[in-house]
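Tertiary structure, described
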Amino acid sequence: MKRKSKIPVTVITGFLGAGKTTFINYVLQQKKGKQFALVENEFGDVAIDTKLISGVDASQMFELKQGCICCTLTDEYELVLQELAERFPNIEHVLIETTGVADPAPVIQPFFKDENLAELYVYVGTVCLVDAMNFTTQPEKDILLKQLAIADTILVNKSENLPDTEKEDFKVALKQINPLAEISFISYGKANPELNQLHLKAANGIDLMPDPELHAHIQKKKLTFQHPLNRAEFLRWLDYTLDIYKNKIYRTKGILCFQGEPFEYIVQGVGGSFELIEGDLILDSIESQVVFIGKLEGLSIDF
Ligand SMILES: Nc1nc2c(ncn2[C@@H]2O[C@H](COP(=O)(O)OP(=O)(O)OP(=O)(O)O)[C@@H](O)[C@H]2O)c(=O)[nH]1
């Protein structure tokens, strides 16, 4: 049976123990009746823990067969997702939970690059869970920073005992890493973000925070253009720039106006890949803006 529309895909990331499973369980409980499929894999573990995931039919759960999603991603990933869409035409939303130590970029990029997947699915954003109790002491900071930089929504979980003043400090610190993401403080995963529109929402608020002290590891750069861009030239430049800096630019997001085109476009990039999504009709502002987040020190990013 051919599907009528593409299946939205939301990626759930966050460091080990941050509360990803707790959050997913909460979402599934809140949205009972909606057909979710969960693709997850646990490091070195083959069996899915069905007890943990309520609300999802066990037959709708798929798991990659080997270890960690980030280092073993091969054709298998694309095949699992294709099979999922074909075998379960009623699925309304796919959640992909990365392992706590995984870089989420390779999980997202196939939705931009793989034609078969792009026909079946639409990537709608990433939620990153943060552990409020252990954030400062967490090891593997690089992976954590990348997870945060890629996220459209950051949920600071386990924040039930966090005083308001500390929440403010926390927020400022997170905004320095990712000024585009929405940030909420929650406990026991109780957050109900609109899982469908995460990245479009984030693209609306592209203003960068005043940032006198750059984060030691992550920087961001915003390019603004007052005149409509030449589509072919700009995309060629963007493609080239993201390709040469694919390990440095974690995330790209922007709103573009092209010469002679009535609609604006939202550009959404993770690592070396990006996609363009047609946005609203251009009514007044013809300004284009693109923000890059990553380890940008010393990079030449200028169109
Ligand atoms: N105190 C407190 N504990 C929480 C909260 N949310 C989750 N936990 C607990 O934290 C532990 C880890 O939660 P999980 O949801 O399994 O975390 P995870 O990110 O899926 O963990 P991994 O899959 O190992 O990466 C569990 O024991 C949860 O019960 C919270 O808001 N506050």
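Numbers given to residues run from 1 along each chain, matching the order in which its sequence is written. Whole-chain, interface and lining totals are the exception, using all residues; otherwise, since this is a predicted model, local features are given only for residues with pLDDT of at least 70 and side-chain atom pairs are given and counted only at 80 or more. Excluding hydrogens and water, the side-chain figures rest on all heavy atoms present in the structure.

- As annotated in an unreviewed UniProt entry, the protein chain is GTP-binding protein from Draconibacterium aestuarii.
- UniProt positions are given in the numbering used here, feature names are shortened, and annotations may be inferred rather than shown by experiment. Regarding the protein chain, the UniProt comment filed under Function (unreviewed entry) reads as follows: "Zinc chaperone that directly transfers zinc cofactor to target proteins, thereby activating them. Zinc is transferred from the CXCC motif in the GTPase domain to the zinc binding site in target proteins in a process requiring GTP hydrolysis."
- In its Catalytic activity (unreviewed entry) section, the UniProt entry covering the protein chain states "GTP + H2O = GDP + phosphate + H(+)".

Regarding the site of the ligand
- Definition of nearness: a residue and a molecule or strand are near each other if at least one heavy atom of the residue lies within 4 Å of the molecule or strand. Taken together, 15 residues surround the ligand, and among them Lys20, Thr21, Thr22, Glu160 and Tyr188 come closest.
- Note that an oxygen atom of the ligand is positioned 2.7 Å from one of the side-chain N or O atoms of lysine 20.
- Measuring from an oxygen atom of the ligand, one finds a backbone N or O atom of lysine 158 at 3.1 Å.
- Burial of the ligand by the surrounding chains reaches 69%, relative to a free accessible area of 650 Å².
- Looking at the shell around the ligand, its residues break down into 5 nonpolar, 6 polar and 4 charged. Any pair of nitrogen or oxygen atoms within 3.5 Å is treated as a polar contact; in protein, a donor-acceptor pairing is required on top of that, and neighbouring residues in sequence qualify only through side-chain atoms on both sides. Per-residue and other accessible areas follow the Shrake-Rupley method at a 1.4 Å probe size, with only the shown protein chains counted as cover for residues. Amino acids outside the nonpolar list (Ala, Val, Leu, Ile, Met, Phe, Trp, Tyr, Cys, Pro) and the charged list (Asp, Glu, Lys, Arg) are all regarded as polar, and Gly is one of them.

Topic: the UniProt feature "domain: CobW C-terminal" (unreviewed entry) in the protein chain
- Sequence positions flagged by UniProt for "domain: CobW C-terminal" (unreviewed entry) are, in local numbering, residues 223-295.
- For residues 223-295, the end-to-end C-alpha separation is 16 Å, with 19% helix and 48% strand making up the annotated structure. Strands here are runs of E lasting at least two residues and helices are runs of H or I lasting at least four, both read from the DSSP assignment and numbered beginning at the N terminus.

Looking at the pattern of salt bridges
- Any Lys or Arg side-chain nitrogen found within 4 Å of a carboxyl oxygen on Asp or Glu counts as a salt bridge. This model, assessed by the stated rule, comprises 9 salt bridges.
- Note that lysine 253 and aspartate 152 form a salt bridge whose closest N and O atoms lie 2.6 Å from each other. Highlighted residues: lysine 253 in strand E9 (residues 249-256) and aspartate 152 in the loop between helix H6 (141-150) and strand E6 (153-157), separated in sequence by 101 residues.
- For every residue, the accessible area (1.4 Å probe, protein chains only) is compared with the maximum for its type, and the residue is labelled buried under 20%, exposed over 50%, or partly exposed between those bounds. Residue classification places lysine 253 among the buried residues on the basis of a relative accessible area of 0%.
- Residue aspartate 152 is classed as buried on the basis of its relative accessible area, which comes to 1%.
- Salt-bridge contacts for arginine 231 lead to glutamate 261; the nearest nitrogen and oxygen are separated by 2.8 Å. Here arginine 231 is found in helix H9 (residues 231-244), whereas its partner glutamate 261 is found in the loop between E9 and strand E10 (263-270), with 30 residues between them in sequence.
- By relative accessible area, which is 29% here, arginine 231 ends up partly exposed.
- Linked through salt bridges whose partners overlap, the residues forming this network are Asp152, Arg251 and Lys253.

Quick look at the pairing of E6
- In terms of burial, E6 is largely enclosed, as 5 of its 5 residues are buried.
- Burial along E6 is two-sided: the residues Thr153, Leu155 and Asn157 and Ile154 and Val156 are all buried.
- A pair of strands is treated as paired once DSSP finds two or more bridges between them. As judged from the 5 bridges shared by strand E5 (residues 121-131) and E6, these two strands associate in the parallel manner. By the bridge assignment for E6, valine 130 is matched with valine 156.
- Across 4 bridges, E6 lies against strand E7 (residues 182-185) in parallel orientation. Within the sheet, the bridge partner assigned to leucine 155 lies in E7 and is serine 184.

Some words on H9
- The length a helix should cover is 1.5 Å for every residue beyond the first. The end-to-end C-alpha distance of H9 is 20 Å, a good match for the 20 Å that 14 residues give at a rise of 1.5 Å each.
- Taken residue by residue, H9 has Phe234, Leu235, Trp237, Leu238, Thr241 and Leu242 as its buried positions. Projected onto a plane normal to the axis of H9, the buried residues spread over an arc of 160° and lie on a single side. Residues of H9 that are exposed and point more than 90 degrees away from the buried face comprise Arg236 and Tyr240.
- At its buried positions, H9 is contacted by strand E8 (219-225), E9, E10, strand E11 (273-281) and strand E12 (288-294).
- Capping the start of H9, asparagine 230 holds a side-chain oxygen 3.1 Å from the backbone nitrogen of alanine 232, two or three residues further along. What the arc describes is the spread of directions from the helix axis to the C-beta atoms. Here, residues are in contact when the closest pair of their heavy atoms is within 4.5 Å.

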